[in-house]
Structure formats: C-alpha cells, structure tokens
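# Coordinates in review
Listed below are the residues making up each chain.
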Amino acid sequence: MLAYLLKRLAALLPTLVGISLAVFLMIHLVPGDPAQIMLGERADAQTVESLRREMGLDRPLHVQFLHFFGDVLRGDLGRSIRTQETVGREIASRFPATVELTLAAMTIAVLGGLGLGLLAASRRGGPVDYASMVLATAGISVPVFWLALMLIYAFATALPLFPVSGRLSAHLHLEPITHFYVLDAVLRGHWVALGDALAHLALPAVALSTIPMAVIARMTRSSLLEVLGEDYIRTARAKGMAARQVLVRHALRNAFIPTLTVIALEFGYLLGGAIITETVFAWPGLGRWLFLAVQSRDFRAVQGGVLLLASLFVLINLAADLLYAWLDPRIRYDR
Amino acid sequence: MTGWPRLAGALLLPLLAACAAPDQGDTLVFGRGSDSVGLDPALEGDGESFKVCDNLFETLISYEPQSTALRPLLARSWEVSADQLTWTFHLRTDVRFHDGTAFDAHAMLFSLGRQFFADHPHHQVAGAYKYWKDMGMDDVIEDMWAADDSTFAVRLRQPDATFLSTLGMNFCAAVSPAAVGQHGDGFRRHPVGTGPFRFAEWRRDERLVLVRNDQYWGEPAFLKRLIFRPIQDPSVAFLELKRGSIHGLDNLSPELIAQVEADTNLQLLTQPGLTVGYLAMNMDRPPFDNRLVRLAVNCAIDKQALVDNFYQGLAVPAVNPIPPIMWGHNDAVEPYAYDPDRARRLLAEAGLPDGFETELWSMPVPRPYMPQPDRIAQAIQADLAAVGIRARPVQWEWGTYLDKIFDGQHPMALLGWTGDNGDPHSFLYVLLDKTAAQRPAQNISFYRSDPLHEVLVEARRRSDPETRLRLYHRAQEIIHEDAPWVPLVHAEQTAAFRADVRGFRLHPTGIKWFRGVRLAR
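Residues numbered from 1 in each chain as written. Chains lettered and ligands numbered in written order. Predicted model: local features only at pLDDT ≥ 70, side-chain atom pairs only at ≥ 80, totals over all residues. Heavy atoms only, no water.

## Quick notes on the pattern of salt bridges
Counting across every chain of the model gives 34 salt bridges over all chains. Measuring nitrogen to oxygen at the nearest pair gives 2.6 Å for the salt bridge that ties E85 of chain A to R189 of chain B. With E85 of chain A in the loop between α4 (61-73) and α5 (87-122) and R189 of chain B in the loop between α7 (177-183) and β8 (197-203), the pair connects residues from two separate chains. Taking relative accessible area as the criterion, R189 of chain B reaches 22% and is therefore assigned partly exposed. (Salt bridge = Lys/Arg side-chain N within 4 Å of Asp/Glu carboxyl O. Helix = DSSP H or I, 4+ residues; strand = E, 2+ residues; numbered from the N terminus. Buried < 20%, exposed > 50% of the residue type's maximum accessible area, 1.4 Å probe, protein only.)

## Let's talk about the interface of chain B and chain A
Note on interface size: it is often stated as the accessible area lost on association of the parts. At the interface, 53 residues of chain B touch 59 residues of chain A. Summing the contributions of chain B and of chain A, the shared interface buries around 4,800 Å²; its carbon and sulfur component is 52%. Where chain B meets chain A, there are three salt bridges. We note a salt bridge from D205 of chain B to R94 of chain A, for which the minimum N-O separation is 2.8 Å. Applying the counting criterion to the chain B and chain A interface returns 14 residue pairs in polar contact (both at pLDDT 80 or more). Those elements that place two or more of their residues in the side of chain B that touches chain A are α1 (3-19), α4 (130-134), β8, β10 (225-230), α8 (234-243), α14 (398-406) and β17 (412-418) of chain B. (Contact = heavy atoms within 4.5 Å. Buried area = accessible area lost by both parts, 1.4 Å probe. Polar contact = N/O pair within 3.5 Å; in protein donor to acceptor, adjacent residues only side chain to side chain.)

## Here's the deal with α4 of chain A
Residues and elements named next belong to chain A. Taking 1.5 Å per residue, 13 residues should reach 18 Å; α4 reaches 18 Å between its end C-alpha atoms and fits that length. Q64, F65, F68, F69 and V72 are the residues of α4 that are buried. Taken down its axis, α4 places every buried residue within 125° of arc, on the same side. Residues L66 and L73 are exposed on α4 and point more than 90 degrees away from its buried face. On the buried face of α4, the contacting elements are α1 (2-29) and α14 (299-327). (Expected span 1.5 Å × (residues − 1). Arc of directions from axis to C-beta.)

Okay, structure coming up:
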C-alpha cells in the first residue's frame, strides 16, 4: 500500500510538469498582449514597453517558462499582474467560498443522485425508472445559466424565500474564523448569520448540483443493474433476504465503486470553481476570479491558479483510488 | 418532537428571519459590476478602485459637485509666481489622517514625491504609478518642496494651464506617510487617507466596507457605513436593487433603463459624461486621405438613430471631439447633417461614383462610451452601404484590436475616450495632435495638422481662460474642417437608486462621492 502510494505520488511530478507547460503555452499563445489589455485605450508605446519589461514578457518563451517552473518548485506561484497580490493569497481568500458551495452542491448531488439511481434500478423498466432517468437527462442538458436565473426569478423574486445573490447579507457582520460562513456562524453561535448563510447557499447549491446529480444517478443505476445480475445477489435473495436489504447491503456497496469515481471527478471539477454559477449568484469564489484573470490576460494568476487546481484534482482522484480498496477488500495495491 | 423536525425548525426559523426585510439603518449598499483592484490612489487605474478611493482620500484641489470647475479642498488657497512656473499652496491645518497622524505639507510632499523623485524610498513599488506616467507629470514638474508645515510648492518646467485640473485627480491625493511606511506594498489593502469615510474591511469579490470618519475636518457624512458589493450579472444586480438588498448601482445596461423608470420605488439618475465614441478614418490609407471621402462618411451616418437605438436616448449626437458639457466646447461648429444624397455627391466628386470597398473595425467589448459596439458597427455598415461604401465588419480580441489600430492596420475603426480632469487638452492633444500619430499611436486617424499642433501647444501654455477658450474653439474648427473622425456620440452616465436615497449626484468625471448621501426614513 505504502509503495503504491509513493509510486503514485512520484508519478505526480511529471503530470504537474506537463500541466504547467500546457497552461504556460496556452496563456502565452492566445492572442492579446497582457500589457496592452491592462492599459486599454490609454496605452502609449513607452508605458506598454516598460510594462512588458517589468512582467518579463520581453524574454524568450523558454526562459520565461524556466523562471516560472523554478519559482513553482520553490513554492512561489508568483504575483497577480492586476492586483500585485501573491497568487497563493488570491486563491486562499476565495477558496473557502468555492469549497463551501462545492460541499453543499455535492451533498445534494450525492443524496439525490444515489436516491434516483437506486429508485430507477429497483424498478427497472417501470414508469419510475423512466421518470427518474428523464429527470437525470434534464439535469445534464438544462443550461446552468438559465436554471440559475429561473431559480432566482422563482424563489428570490416571485416568491421571495431566498436572497438573490451573495454569501451573506450586507448588514450582517460575521467575524470569520475558518472563512466557511456556515461553520463560522456555528462556531460564533451567531444563529441569524447561520440562517442567512444557509439561505444564501441554497439556490446556487441547487443550480450547481444538477449536473453531478444527473451523472451520479445514471452511473448508480447502470452499475446497480449490472451487480443485480450477479450470482451472489441471487444467493442472497434465495436465502430469503428482504429485497431492500439485498439492494442496500449487498448490491449498492459493490456498485458504489464506479459511482465513487464519478463523485470524485465531479467533486474535482466543482472545486475548480463554477464560473457560471458563481457569476450569476455573485458568489466570491475561484471560478469568477480565474475567469477574470483569463479575460485580463493576467497570465501569472492563470498559471499559478490552474496549476494549483490541477494538482488538487489529481490528489482527489488519488484519494478516490485509495478509497476503492477500503470499499472492496479484493482490490489490493501491494503490487 | 423528534430530532429531525426540531433541527429543521432550528435552522428554518433564523433562515426565515434572515429573509425578512433587513434593517439596514445608516448603511448604504452600492452594487457594481466588479471588485476594486487595489486602494492606493496613485497605483490604481480602474474605475472600480477609484470609486472607493473617492471617499477615502482627498486632493489639494477638487471639482465642484456637478462640474469640473475647481474648488479648494486640502489647500485653502494658492497662488502662482509671475513667470507662471511656481505654484504655492496654503494648506488646511485642521486635517488629520484616519490613523490620527497630522496632514501637512510634508505629507503632501510624500504623497506626490513618492511618484516623482526616483530616489524616494517608496518610488519602487509592485505595480506602477500609472496615472503619473499617463499624464506626463515628469515632463510637467521640475521640483516640489514643503516650504513650511502648511505651505507646499511645485515648480513647473513650463507654464501649464492644465496643471491645477490634474491636481484634482485621484492619483494626486494625500496618503498617510506613516501608513505607507508601515504597510509598504500592502497599503493597497490598508488605505489611510483624510476623506469622510475610512476603510474598515475588504473581502475580495464579496464586500468592501467603509465607515464614517467621525473626526472628519469638514461636515461629516450622514451614512455610518458604506458597502460596495460586486455583482457581475446586470440583471441579477437589478433584482437586488428591486428587492432592496442594495440601494444603488451604476452603469445600468440600456435595456434596464425603462424598467427603472417604471418602478416607483426606484429613481434613475443620468448625467452627461466626459466621453466620446468616434469612428476614425485612417488618413494614411486611401481613399481616406481624400477629405471629400471623409466628409461623405460624415454625411452618411445617422447619429440620431444610433442614440435612439443603442443608447435608449441617453446620449447626444457628437459634433466635436469634446463633449458639450466640457469647458471649451465650440457650440458654433455646424454639424455635418445626415444626408445620404450629399454623401453620394461627395463620393462622385472624389472620383468614386460607385463607392468603394473597405473594412470597418469594431471593439469586441462594451465600453462606457459605447455599450454595444458590434451592433453600432452593423448600423454604421448599413448606413455606409446605402451610399455605396461597402464596409466589411472586422473584429479582434480586445488586446489585439488595440495593438493593431495603434499600429494603423485599420481603414476605419471605432473607439472612444473618457476624460478625467475636464480639460480639453486631455481630449484634443492626446487624440488628434500630430505628435500622437507616431506608432503605436493614440491618434488612430493618423491626422497630422501643423496649424492644429500650434494652436494646441499654445493653449496649454497660456493661463488666461479667455485666450485658451479662443484657441480651443479654433482647434475644433480646424478639426471639423479636416474631418479625420466621425464624432459619433457622447454617452450619458447612469445610476439607479432606491427612492429613499437622497443627495447622490453623478459627477461628469465619474467621481462617486457619498459624503452628502443619506437614507430618508
């Protein structure tokens, strides 16, 4: 197990070099001079040139890359050109918002997705099966942008149950501890803020959960159906076990491995920040920040940000791989 | 009651309480399209940063609440030497920075000196003193010093009539030397000025909170707290305003104007801004080297239709490069009327009876002076086609677009300008003087007129307003005669507020002052 872990961690390094190179090339090859974009209409030749020099853009591309990678190895992701803030700090100030939203969305997605999948598989071919799969297909195909606006119109305007956007009402003050507002409100015992933070979380979490929920539901259904055809299920049924117990205790646990892969992948995607959801709901997370960085060709912010998120994504998948062994004792990583 | 319902109840009650109309007391929440970049007035270059700095910092001289006429602020009075070179400012002695340190001539010397003296300990910063460079201050100023605690002096290299107006701009604001010393580059996150509000808290992309400066030297602000909230999606921002969770927002998208006007809980504010949107014809490329062709294009475009269709009426057709509210605008210049027949006759006279093929370049992004550049380009394209000019639309990504037009690769291009100090020099010299036609050029018509150059240089040197006015009127006549542009529109600024917000006024320069704003309850 330990050898496997070390091997996987060692394999991380070339992956990260590859990612860094790809990100670096992409942001440097797209059209648009960062200096020019930053200065806009007011750019005069001298200022553009001195800004280019200051940002190191006048050096050859490979020299720029080596500098960037050398800094990364020293743990320095660089400074945002736009704000002159370290990229690490920029990310740290937005990450909690993204994680909080991701956790809320994934909770809804996993509960909803497993439920729908179970329901569909246990009533295969019936109306319930069709209805839940239609719902899952709808979840994948409805544009998030549209859904988000509809949720706002329905539940924040027509029926003003929830706030329109943001993380916390402007008039409320909650001294952050962890920067996870729900948790902070509990830790501070600030119950009004807790309700407010949850209310703010509700609509964006629902909007964000639809795609992962649909993917999880479909995967759960298909892998459950596969497992339900196995001999040991027939044996369990033959022993006279209740159908529900067979489904939950025997089938679901084994069918869960492919579903777990999907959950880990979706979790990784969402952690990268959901640009559309964050934009519509004015949620101060990573997606919006990264989008703005790309738009303004803040190449240092993009390089550092994407590299960090990609590493996180790889680590989450590693964690999922390790979980397989725990779920299914037949999976061993000794060799 | 079992556990679950009880827990649900515990969560639901405060949730419902939170959704009830919040009691915001003396707090005003202002929505805007994006967050500030930083809060050091000398380092920033974007409107969202200045919007906050306007309330934290103050300058020696400022503008009147609704015009660009000058008024004393941190300087009680000033005088200039006989040779028009040395300006002496007599400062207020009752002003303190938010950190309690005193504002005096040494603090002023620090604030401007860090941008000017290359050997100043705070001259090297992360970022750049953009505006100082932009406004060419190193070429304007020869030296500066504190004569005593309350007297600050600046010596210019040559007489410059625009100098005082420039001093009213954000980058010339007084910053606390103690705070800059303490925070260094971090001053952008811990701003300390002398303004009516002081900085309290900033959660990036979420909220930026200012609180009233109770030790303010002048009339204190009404509001106890002023919160800036970035909301990127304009329709979501509007829903927040309708619901009352924000009190105001600026830069309304045109399609929301009618909805604001129809809602009795809201008020719409508009103000002619210091902007111009224009169509530049590249005089280095035929046939635009021919004045008759340029006149034909001027007669072919229906500016009023652009105003009606794309600005919801919140703009005026442009006659001159500078907006009519700006001091120095020449009202006597007769606009080229929309007249397709005359345009066709002019083309025939120019030897192009069948018109010609060309390209019309437009910006890929909305700008304050042109909210829908692609649709405006389509309308202009149709107008031109009607007189025989077949213009192919061309778009590039924003940075590339600027690169290429500054390099003169376009035959015709849309662009615009926003002035910041209310002086005609900041439009005419920067955009149309022959010195600005060197690549990469701001003068994207590549219009090189010696008579205009002489007039503009003279106007900057002269200090008496009468002479300057005469010179700027003459400059606009020359430009109108040569027609390097089609000046299209001057867009108005817009803002929407809840009906109970009193005392907010839009300023021509885009400054957002909240000191006189209060909530009527």
